[in-house]
Every structure is written in C-alpha cells, then in structure tokens.
Amino acid sequence: MRRSNGVFTPQERKAAMWALLTAALLAATGLMVQQYSQPSVGPGGVDAYMTASAPGVLDAQPVMDAAAPLA
C-alpha cells in the first residue's frame with residue numbers, strides 16, 4: 001500500500017518543512033530586532049522633521065461647538 005498521496009516526494013516535504021522553519025525563525029528574529037532597536041529617523045534626526053507652520057495658517061478648529069445640539 002502506498003503511503004504517499006503522489007503529489008510530493010518525501011524530499012520535497014522535508015525541504016518545505018525546512019523552508020517554513022527558516023521563514024518562521026527569520027520572522028521571529030526580525031520582530032525581536034524591531035522591538036529592541038530605536039526607530040530610524042534619518043540623517044537629520046527628529047529635528048529634521050520639525051518645521052514651522054506656514055504663515056497665515058491656523059491650527060485645526062472644530063466647525064461647530066461640540067456642546068451645541070444638532071439641528
């Protein structure tokens with residue numbers, strides 16, 4: 001009686017298992033490195049992302065008062 005379904009050989013199944021194990025190990029390593037490392041902010045640091053607001057532009061304000069009932 002055959003023990004294989006005829007689709008994959010035992011060597012192919014073994015290779016697939018090793019590929020899945022390697023991918024899982026690589027993903028776990030990436031998650032650990034990401035968790036314990038500082039985020040990259042580029043060559044200028046955080047200060048490079050701080051810009052002055054454009055002249056004449058105000059901060060966002062609500063269109064209506066939140067306490068006012070809707071009509």
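Rules used throughout
Residues numbered from 1 in each chain as written. Predicted model: local features only at pLDDT ≥ 70, side-chain atom pairs only at ≥ 80, totals over all residues. Heavy atoms only, no water. Helix = DSSP H or I, 4+ residues; strand = E, 2+ residues; numbered from the N terminus. Buried < 20%, exposed > 50% of the residue type's maximum accessible area, 1.4 Å probe, protein only. Areas by Shrake-Rupley, 256 points an atom, 1.4 Å probe, with all protein chains shown as cover. Patch = residues over 30% accessible without salt bridge, like charges linked within 9 Å, V, L, I, M, F, W, Y side chains within 5 Å. Salt bridge = Lys/Arg side-chain N within 4 Å of Asp/Glu carboxyl O.

1. Thoughts on the overall build of the protein chain
Helix and strand content of the protein chain: one helix and zero strands. Looking at the protein chain as a whole, 1% of its 71 residues are labelled buried. If you sum the accessible surface of the protein chain, you get close to 7,300 Å²; carbon and sulfur atoms cover 66% of it.

2. Describing a nonpolar patch on the surface
A surface patch of nonpolar side chains, about 340 Å² in accessible area, is lined by Met17, Trp18 and Leu21. Take Met17: it is sitting in helix α1 (residues 10-35). Of the residues examined, Met17 reaches a relative accessible area of 47% and is grouped as partly exposed.

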